[in-house]
2 protein chains.
Amino acid sequence: MSSAAVPGVVVNGFIRSVRTMKKYTFVTLGDGSSLAPLQAVVPAAQIAETDGELTNGAAVRLEGAWTPSPGAGQSHELHVTGFAVLGPSDAKSFPIQKKYQTPEFLRTLPHLRPRIPFNTTLLRFRSDVVFSLNRFFEGRNFVQTHPPLITSSDCEGAGEVFTVVGGATPTKQDKEAGEGGFFRADKYLTVSTQLHLEALAQAVGNVWTLSPTFRAEESDTPRHLSEFYMLEAEVSFVDRMDGVMDLVEDMLRFVATENRGSRAYGELLAHTATANAESDLADPKTVEQRWTGLLSPERWPRITYAEALRLLQDAKVEFEYVPVWEQGLMTEHERYLARVVGGAEGTPVFVTHYPRVSKAFYMLPTDGSSGLSETVDCFDLLVPEFCEIAGGSMREYRLEQLLATMKARSMASSPGGLDWYVDLRRWGCPPHGGFGVGFDRLLCYLTGVQTIRDTVAFPRWYGRCDC
Amino acid sequence: MSSAAVPGVVVNGFIRSVRTMKKYTFVTLGDGSSLAPLQAVVPAAQIAETDGELTNGAAVRLEGAWTPSPGAGQSHELHVTGFAVLGPSDAKSFPIQKKYQTPEFLRTLPHLRPRIPFNTTLLRFRSDVVFSLNRFFEGRNFVQTHPPLITSSDCEGAGEVFTVVGGATPTKQDKEAGEGGFFRADKYLTVSTQLHLEALAQAVGNVWTLSPTFRAEESDTPRHLSEFYMLEAEVSFVDRMDGVMDLVEDMLRFVATENRGSRAYGELLAHTATANAESDLADPKTVEQRWTGLLSPERWPRITYAEALRLLQDAKVEFEYVPVWEQGLMTEHERYLARVVGGAEGTPVFVTHYPRVSKAFYMLPTDGSSGLSETVDCFDLLVPEFCEIAGGSMREYRLEQLLATMKARSMASSPGGLDWYVDLRRWGCPPHGGFGVGFDRLLCYLTGVQTIRDTVAFPRWYGRCDC
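Residues numbered from 1 in each chain as written. Chains lettered and ligands numbered in written order. Predicted model: local features only at pLDDT ≥ 70, side-chain atom pairs only at ≥ 80, totals over all residues. Heavy atoms only, no water.

Asks: Help me understand the overall build of chain A, please; the structure alone is not making it clear to me.
Replies: Tallying secondary structure elements over chain A gives 13 helices and 18 strands in all. Its C-alpha atoms give chain A principal-axis dimensions of roughly 85 × 60 × 45 Å. Counting contacts in chain A only where the partners sit at least 6 residues apart, residues at least 24 apart contribute 68% of the total. With an accessible surface of roughly 19100 Å², chain A has 52% of that area assigned to carbon and sulfur atoms. In chain A, 45 positive and 57 negative side-chain charges are present, and the distance between their average locations comes to 5 Å. (Helix = DSSP H or I, 4+ residues; strand = E, 2+ residues; numbered from the N terminus. Contact = heavy atoms within 4.5 Å. Areas by Shrake-Rupley, 256 points an atom, 1.4 Å probe, with all protein chains shown as cover. Lys, Arg positive; Asp, Glu negative; His and termini not counted. Charge placed at Lys NZ, Arg CZ, Asp CG, Glu CD.)

Asks: Whenever I open this one, the sheet that holds strand β1 (residues 6–20) of chain A confuses me. Can you help?
Replies: Strand pairing within a sheet occurs via backbone hydrogen bonds; the two strands may be parallel or antiparallel. All names here are of chain A. Strand order in this closed barrel of five strands is β1-β2-β3-β5-β4, and the pairing throughout is mixed. Neighbour-to-neighbour, the strand axes of the sheet open up by a mean angle of 55°, direction not taken into account. Relative to strand β5 (residues 76–87), strand β4 (residues 59–68) is paired through ten bridges, and the arrangement is antiparallel. For R61, the partnering residue across the bridge sits in β5 and is A84. (Pairing = 2+ DSSP bridges. Axes fitted to C-alpha atoms, helices over the stretch in contact; angles between N-to-C directions.)

Asks: How do you make sense of the interface of chain B and chain A when you look at a structure like this?
Replies: By a widely used convention, the size of an interface equals the accessible area lost when the partners come together. In this complex, chain B contributes 102 residues to the contact, which on the side of chain A involves 102 residues. Carbon and sulfur atoms supply 64% of the area that chain B and chain A bury against each other, a total of about 8500 Å² over both sides. Its largest share of buried area at the contact with chain A, chain B owes to H146(B), F182(B) and W427(B), together 10% of the area lost on that side. The tally of links between chain B and chain A comes to two salt bridges. The closest approach of N and O atoms between R61(A) and D239(B), which form a salt bridge, is 2.9 Å. (Buried area = accessible area lost by both parts, 1.4 Å probe. Salt bridge = Lys/Arg side-chain N within 4 Å of Asp/Glu carboxyl O.)

Asks: When you look at the sheet that holds strand β8 (residues 162–166) of chain A in this model, what are you seeing that I'm missing?
Replies: Read across the open sheet, the six strands follow the order β7(A)-β9(A)-β8(A)-β8(B)-β9(B)-β7(B); overall the sheet is antiparallel. Unpaired on one side and paired on the other, β7 (150–151) of chain A together with β7 (150–151) of chain B mark the two borders of the sheet. With five bridges joining them, β8(A) and strand β8 (residues 162–166) of chain B adopt antiparallel strand pairing. The residue of β8(B) that forms the bridge with T163(A) is V165(B).

Asks: Is there a simple way to explain helix α13 (residues 439–447) of chain A in this structure?
Replies: Because the α-helix completes a turn every 3.6 residues, residues three or four places apart line up on one side. All names here are of chain A. Of all nine residues making up α13, eight are buried, and the element is well covered by its neighbours. Among the residues of α13, those classed as buried are F439, D440, L442, L443, C444, Y445, L446 and T447. Phi for G448, located one or two positions after α13, is positive at around 85°. (Buried < 20%, exposed > 50% of the residue type's maximum accessible area, 1.4 Å probe, protein only.)

Asks: It is not clear to me how unusual backbone geometry should be interpreted in this structure. Could you clarify?
Replies: Excluding glycine, a negative phi dihedral is what most residues carry, and trans is how most peptide bonds are arranged. Residues and elements named next belong to chain A. The backbone of H353 sits at a positive phi, close to 60°, despite the residue not being glycine. Inspection of the secondary structure assignment puts H353 in the loop between β13 (349–352) and β14 (378–383). Looking at H353, the relative accessible area reads 22%, which means it is partly exposed. Backbone geometry places C387, a non-glycine residue, at a positive phi of 70°. You can see C387 is positioned in strand β15 (residues 387–394). For C387, a relative accessible area of 3% puts it in the buried group.

Asks: I'm lost on the relation of the copies chain B and chain A in this one. Help?
Replies: One chain copy maps onto the other through a rotation about an axis and a shift parallel to that axis. Expressed as a screw transformation, the operator carrying chain B onto chain A has a rotation angle of 180° and an axial translation of 0.0 Å, and the superposed copies differ by an RMSD of 0.0 Å. This pairing of chains is accounted for by a two-fold axis. Among all residues of chain B, the minimum C-alpha distance to the rotation axis is found for V164(B), at 2.6 Å. Comparing interface residues between copies, 100% of those in chain B also sit at the interface in chain A, which points to an isologous, same-surface contact. (Least-squares fit on C-alpha atoms with pLDDT ≥ 70 in both.)

Asks: Help me out: how do you make sense of the packing of helix α9 (residues 305–314) of chain B against helix α10 (residues 331–342) of chain B in this one?
Replies: When two helices pack together, their arrangement is captured by the angle between the axes and the distance separating the axes. Residue and element names in this part refer to chain B. The interhelical angle for the contact between α9 and α10, taken along N-to-C directions, is 95°, at an axis separation of 11 Å. Taken together, the axes of α9 and α10 lie roughly perpendicular to each other. Residue-level inspection shows A308, L311 and L312 of α9 in contact with α10, the latter providing H333, Y336, L337 and V341. (Parallel < 35°, antiparallel > 145°, perpendicular 65-115°, else oblique.)

Asks: Sorry, what's going on with the environment of V6(B) here?
Replies: All names here are of chain B. Structurally, the position occupied by V6 is in strand β1 (residues 6–20). Taking relative accessible area as the criterion, V6 reaches 42% and is therefore assigned partly exposed. Each residue touching V6, except ones within four places of it in the same chain, is listed here: G64, A65 and W66.

Asks: How should the pattern of salt bridges be read in this particular structure?
Replies: Oppositely charged side chains may form a pair once their charged atoms are brought near each other. Following the criterion strictly, the structure yields 46 salt bridges over all chains and no others. Across the pair E249(A) and R253(A) runs a salt bridge whose closest N-O atoms are separated by 3.1 Å. Residue E249(A) and its partner R253(A) are located together in helix α6 (residues 241–260), separated by four residues, close to a single helical turn. Put simply, D242(B) and R302(B) hold a salt bridge, and the shortest N to O gap is 2.8 Å. Residue D242(B) is found in helix α6 (residues 241–260), and its partner R302(B) is found in strand β12 (residues 302–304); the two are separated by 60 residues along the sequence.

Following this line, the structure appears as structure tokens:
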């Protein structure tokens, strides 16, 4: 590295701050590539003879000499010999200010919020993680697929779906249509791509997708959005659920390994360490601990739901809800298990074989030979504080057993309904299983951002769909 | 390569055909990894002592010796010493048959169609292209983003949008709601992610996405679907549209270069060459020509719309529609231009600077200094026979000019409407531009599949949304 100035350097970017002194104006500039800004020094004479104002938020092109800096804040600075204001900014009205602004206020400005350096870094980090997932699955010959978003399944009438209606101003008739609508029947936005992934897996073996999914839940929590990305994978010819859990474990370890050294991750951590206490970010030690847990060289612990219940019942802890077989695990229980079983390292913990009664119809009963099994071959992956971060199961691949379960649950296999899903079992359905990870939640876990509304650029939830 | 048999080989897959002779049964097996099947030879005695039937479509696990084959069709075959039928198949009722089945019939079975070896290969090819796009943009430091799908823009009331309604059985009130709906206002499925990409580009510089988009067009053509993937990118601080066209050209050339040697591409081409004349596939020479055009080492020709019109007017060809300035290019015109300007190599052709009156409000007038410009800085990329395969433009980045254009077109900038998009120009909007490629159409072009309904696994169009 030379300590001499390099002339003729051109930089494009957005002005983050302006400080005007007598002879010079000091400008800090960001271009989205790093959390730290570039410092530029503009002579007063230069400003006098150039059109356009150097104001907060302005898009500018600076030319000058890249020079070792005497200041403490940076190794180099740009000594500007010419500049152009390419996109002026009315700094007085610019809603994004350097002072602290509440997350809730910033959420009202999703079109401007990405310009905040931390949010910009979140965008880069998301991109990095997506690319590392591509590499992981490519390396294992998984086929990346695009399952449909408009589907026929209404999630068994659970009412948590969005209905899709053709036209911007559909007539009453259109809306009540059924037979008369755009698709000649009611159609919905998908709540999970799993059923379609199973069909594709029967063709190409192993598949994955990172796909939008939707829930019309009228909830108002930091963990739920109406529109979010799900990472889902389906594996064919897998006999034991351990194979699916191995895949989840390998994938998350790969993502953590690939991204731990990334610029985006380093910057997120550095920012978290200096952030305002009100900033709604997890403690940096907590975030580092999470990554250490994911990178733990040992295989992550796997315990059954029955073992988990025993641990909870033996715990010297007062739970608000007493753990009971049929009722599944409450958040307080999951927290306890992650802490006690995952240990000081914060290793993720698989809890397997939940009671059948509380789980989806397509899950494979644990005792394959009997319809009386009390549990199903399924798992949740629990991580400290955050609780469930992934879930998966083996799927019922046998025709008679699937039909029996559906009948017992009063679910119809009907044309235009789930007939096609049942069909998959009629002609060559091998044992298979898969998993899903809420991608935006995973980003929360990895970055320390406490709410999914802030890892998604344009979040949608009950009553809120800005821009 | 040894010519000796390798014992103890285990293969999972789906039976494509069964031929029973006196001493042996010959089974061909596919597992999704290749178009060509594996041949297995099962001794009659083995079949007699094993449960389960070797039938078309069945999912099986075979174990045996991988042995040089005396047959003409394959170098090796599996001499089976043991097998298990993991997923039986009722071959008599299996709707997918070896004999010719019309594309229209197969479209009624989207859950089974991917198992047809050619369709399986299409899935692998899609996955390969997606991964190569990831590598291309990663190499250029573009940030991959997830713009929202549920949006506020109704496409200026063009009526070609889907409206999103909360709940599976919304009440009349919900559906007519406006203020009372799930999001407290009418919301729609996005028709293009461009506007949101522009906001993100102002934060991180250069962005891209491969995102679902939706159109409620009541059309019934091989080029249109109601749900499809759009590849869109937006570039900040780009002064000249040539920069955007360079990006499109580099990207498509990269994709062609990376995939030309792929197994999926080779198999698609081999299949096309031997396919049934009724198979609805382009001629293999045509497909190879397309790739040669994309790989042309010269820069692709760029002509203005005005030059294109002159070429058409001077052409010694009888067009059904006489080319006229205001009316844009008809398909027959685009075909002629691609052929004549692209030449024998089939090089793609950029046509630029279309009449402003026919183009979207956000496009930058060609003569930046005046509001009176007759054309806008935009382009279409034309390829032989197929016509438009990509389109892009520079965006109006200046506040006053954008507002003037919107006013002239009677478009309101209003809260909950396009106010946010206008806002982007208030605070630091540099010159920028971008493009979009219909991803499923691109796959048609690259594979020779004639209709987008067959490159998409679960296609949705007017009146059709199966599974």
